[in-house]
Amino acid sequence: RENALELGRLRARIARAAEARGKALANIVGEGAELPPLSSKIEPVTPRPIPPITVGQLVYDAIVNTPPPEPVPPASALPGLIASFGGPPTMAVPPPGVAALPPLTR
């Protein structure tokens with residue numbers, strides 16, 4: 001019984017859609033004109049040439065599309081952040097038996 005009601009509603013919607021399509025096309029084509037079938041072929045649109053990309057456009061796109069920087073953690077979070085990386089940085093000492101490089105001079 002519910003299916004029969006739903007089928008009746010669907011048929012009514014299809015009939016209203018077909019009537020609305022006919023009225024819309026009659027406004028475009030004119031009264032009494034032959035309406036095209038629903039599966040009529042549409043003329044393909046000729047593609048327009050793509051304009052060359054300029055340096056200004058590239059710079060603009062880079063500025064606009066760059067996400068904002070990540071927020072800097074507050075100073076109160078730094079001790080915990082340093083500890084999570086294994087403690088404060090230390091001077092690198094070469095392993096035993098390896099000579100250290102002399103400092104660079106000009």
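Residues numbered from 1 in each chain as written. Predicted model: local features only at pLDDT ≥ 70, side-chain atom pairs only at ≥ 80, totals over all residues. Heavy atoms only, no water.

A.B. asks: How should the overall build of the protein chain be read in this particular structure?
C.D. replies: The helix and strand tally for the protein chain stands at three helices and zero strands. Secondary structure of the protein chain in N-to-C order comes out as α-α-α. Split into buried and exposed, the 106 residues of the protein chain put 3% on the buried side. Within the structure as shown, the protein chain displays about 10800 Å² of accessible surface, and the carbon and sulfur contribution to it stands at 66%. (Helix = DSSP H or I, 4+ residues; strand = E, 2+ residues; numbered from the N terminus. Buried < 20%, exposed > 50% of the residue type's maximum accessible area, 1.4 Å probe, protein only. Areas by Shrake-Rupley, 256 points an atom, 1.4 Å probe, with all protein chains shown as cover.)

A.B. asks: Any chance you could explain the confidence of the model for the protein chain here in plain terms?
C.D. replies: Should pLDDT be low for a region, the predicted coordinates there are not to be read in detail. Counting all residues, the mean pLDDT for the protein chain is 75, and 54% of those residues have values of 70 or more. Within the protein chain, helix H2 (residues 55-65) carries the highest mean pLDDT (89), whereas helix H3 (residues 78-84) carries the lowest (60). (pLDDT = per-residue confidence, 0-100.)

A.B. asks: Can you help me understand the pattern of salt bridges in this one?
C.D. replies: It is possible for side chains of opposite charge to pair when their charged atoms get near one another. The final tally for this structure, using the stated rule, is two salt bridges. The salt bridge involving Glu19 is made with Lys23; its shortest N-O contact spans 3.4 Å. Of the two residues, Glu19 and Lys23 both sit in helix H1 (residues 2-29), four residues apart, roughly one turn of that helix. Residue classification places Lys23 among the exposed positions, given a relative accessible area of 52%. (Salt bridge = Lys/Arg side-chain N within 4 Å of Asp/Glu carboxyl O.)

A.B. asks: When you look at a nonpolar patch on the surface in this model, what are you seeing that I'm missing?
C.D. replies: On the surface, a nonpolar cluster with roughly 520 Å² of combined accessible area is contributed by Val55, Val59, Tyr60, Ile63 and Val64. Secondary-structure assignment places Val64 in helix H2. On the basis of relative accessible area, Val64 is assigned to the partly exposed category, the value being 46%. (Patch = residues over 30% accessible without salt bridge, like charges linked within 9 Å, V, L, I, M, F, W, Y side chains within 5 Å.)

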